[in-house]
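# Chains, contacts and geometry: an overview
Here is what each chain is made of, one letter per residue.
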Amino acid sequence: MHVFDKSGSAEGDEAAGKGAERHVSRRAALGRGVGAAAIGVTAALAGPLSAPAAASPGRTRPADGGALPRSVAGIRIPSGEVTRAAATLAREASSETLFNHVMRSYLFGCALFDRRGVPYDRELAFLSAVLHDLGLVEAYRTPDERFELDGADAAQRFLKARHVPDDRIAVVWDAIALHTDAAIAARKRPEIAMVAVGSGADFSGNGLDRIPSGTLDDILGAFPRKGFKQDAVDTMLSLCRTKPMSVLMHPFAEVGRRHLPGFPVPTVEDLVLAAPFAE
């Protein structure tokens, strides 16, 4: 069992021990009145989008420490100071598997939106995509928050330290916080929707049939999957073990219920039936 950090080391018994220390029964959780909004994982490829800003060209750095290509499959990679720093942060914090995933998320999002002729701010799209899974990295995890919020907060701190304007930071924060709920993200501006669509395409294959085979091959060749499927499952289980209430009413909870005996997180049915009303 391992998490998406650069070392790729297994958590093993230590993680299981931490999970046991934080074990919360469903009855206890219900007694505390916990609740949260459910989120979806399906990528939405259509829907109203608000007006974007202009796009910008470029290049940055890859997982192996060298320079990223200026483009992949004709899709430009931004080269500004902040985007280079963001790519470096993601590369150094993440395993190669996770870094390749966030890069594919950017490229798939661009490929799908470019085919629809949707204009977008390329720098914002890149920053949002390359930073969107920081919440899966051990160094950026909090004890209780959802991983999307951990990632959004980490990205916000990073961008504030580099004096990025607040309105642009807000777009990145929303894109990361909403990226597992594509139905909502698709109603927001393109840079927000693109992270949900691009990461969803890489996570489950939604929308890949809309990407030409040559483009798809180029993207997978530039950023191979490197066992992404099993790493993703392992990371979901890590979150379920170490901070189970962060996946309350979250799709990852289903992974915990399938694989972890006695998984303590209440279902939606549990929550509604435990509501303190006499009926």
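All values derive from a computational prediction rather than experimental measurement.

What counts, and at which threshold
Residues numbered from 1 in each chain as written. Predicted model: local features only at pLDDT ≥ 70, side-chain atom pairs only at ≥ 80, totals over all residues. Heavy atoms only, no water. Helix = DSSP H or I, 4+ residues; strand = E, 2+ residues; numbered from the N terminus. Buried < 20%, exposed > 50% of the residue type's maximum accessible area, 1.4 Å probe, protein only. Phe/Tyr/Trp six-rings, centres within 6.5 Å; stacked < 30°, edge-to-face > 60°. 1 Å grid on protein atoms, 1.4 Å probe; cavity = no way out; pocket = protein on both sides within 12 Å on 5 of 7 lines; lining within 4 Å. Points joined across faces, edges and corners; volume = space filled by probe spheres on them. Nonpolar A, V, L, I, M, F, W, Y, C, P; charged D, E, K, R; others polar. pLDDT = per-residue confidence, 0-100. Contact = heavy atoms within 4.5 Å. Arc of directions from axis to C-beta. Salt bridge = Lys/Arg side-chain N within 4 Å of Asp/Glu carboxyl O.

## Things to note about the environment of Pro190
With respect to the helices and strands, the residue Pro190 is situated in helix α9 (residues 190-204). Accessibility expressed as a relative area gives 1% for Pro190, which makes it buried. Each C-alpha atom, one on Pro190 and one on Tyr120, is 6.0 Å from the other, the two residues being 70 residues apart in sequence.

## A closer look at unusual backbone geometry
A positive phi is found at Ala73, a non-glycine position, where the angle reads about 55°. As for its placement among the helices and strands, Ala73 is situated in the loop between β1 (71-72) and β2 (75-76). Under the relative-accessibility criterion, Ala73 is labelled partly exposed at 30%. You will see that His163, though not glycine, has its phi angle at about 60°, which is positive. Relative to the helices and strands, His163 resides in the loop between α6 (147-161) and α7 (166-177). Look at His163 and you get exposed, because its relative accessible area is 71%.

## Description of the packing of aromatic side chains
The description of an aromatic ring pair uses the distance of the two centres, along with the angle that the planes make with each other. Going through the model one piece at a time under the given rule, you end up with 2 aromatic pairs. Geometrically, the ring pair formed by Tyr106 and Phe126 is edge-to-face, given 5.1 Å between the ring centres and 80° between the ring planes. With Tyr106 in helix α4 (residues 96-116) and Phe126 in helix α5 (residues 122-130), this residue pair connects regions lying 20 residues apart in the sequence. Exposure remark for Tyr106: the relative accessible area of 2% places this residue in the buried category.

## Quick notes on empty space enclosed by the protein
For the structure shown, the criterion picks out 3 cavities of 30 Å³ or more. Each pocket or cavity is described by its volume, and for the second largest cavity that value is around 40 Å³. Around the second largest cavity, the lining residues are Ala90, Ser94, Leu98, Phe99, Val102, Val130, Leu131, Asp133 and Leu134. Considering every element that reaches the lining of the second largest cavity, the biggest residue donor is α4, with 3 residues. Grouping the amino acids of the lining of the second largest cavity by side-chain chemistry returns 7 nonpolar, 1 polar and 1 charged.

## A look at the confidence of the model for the chain
Mean pLDDT for the chain: 83, with 76% of residues reaching 70 or above. Counting interchain partners and residues more than four positions distant, the pLDDT-below-50 stretch residues 29-44 has 46 contacts. Residue range residues 50-64 is modelled with pLDDT below 50. Its contacts to residues more than four positions away, or to other chains, number 64 contacts.

## Thoughts on helix α12 (residues 252-259)
Every buried residue belonging to α12 is among Phe252, Ala253, Val255 and Gly256, and all of these are buried. Burial along α12 is one-sided: seen end-on, the buried residues are contained in an arc of 155°. Those residues of α12 that are buried lie in contact with α6 and α11 (228-242).

## Section: the pattern of salt bridges
Tallied over the entire structure, the rule returns 10 salt bridges. A salt bridge links Arg104 to Asp202; the shortest N-O distance between them is 2.7 Å. Of this pair, Arg104 sits in helix α4 while Asp202 sits in helix α9; the two residues are 98 residues apart in sequence, bridging distant segments of the chain. Considered together, Arg104 and Asp202 belong to a single accessibility category, that of buried residues. In this structure, Arg189 and Glu191 form a salt bridge, with 2.6 Å as the shortest nitrogen-oxygen distance. Residue classification places Arg189 among the partly exposed residues on the basis of a relative accessible area of 21%.

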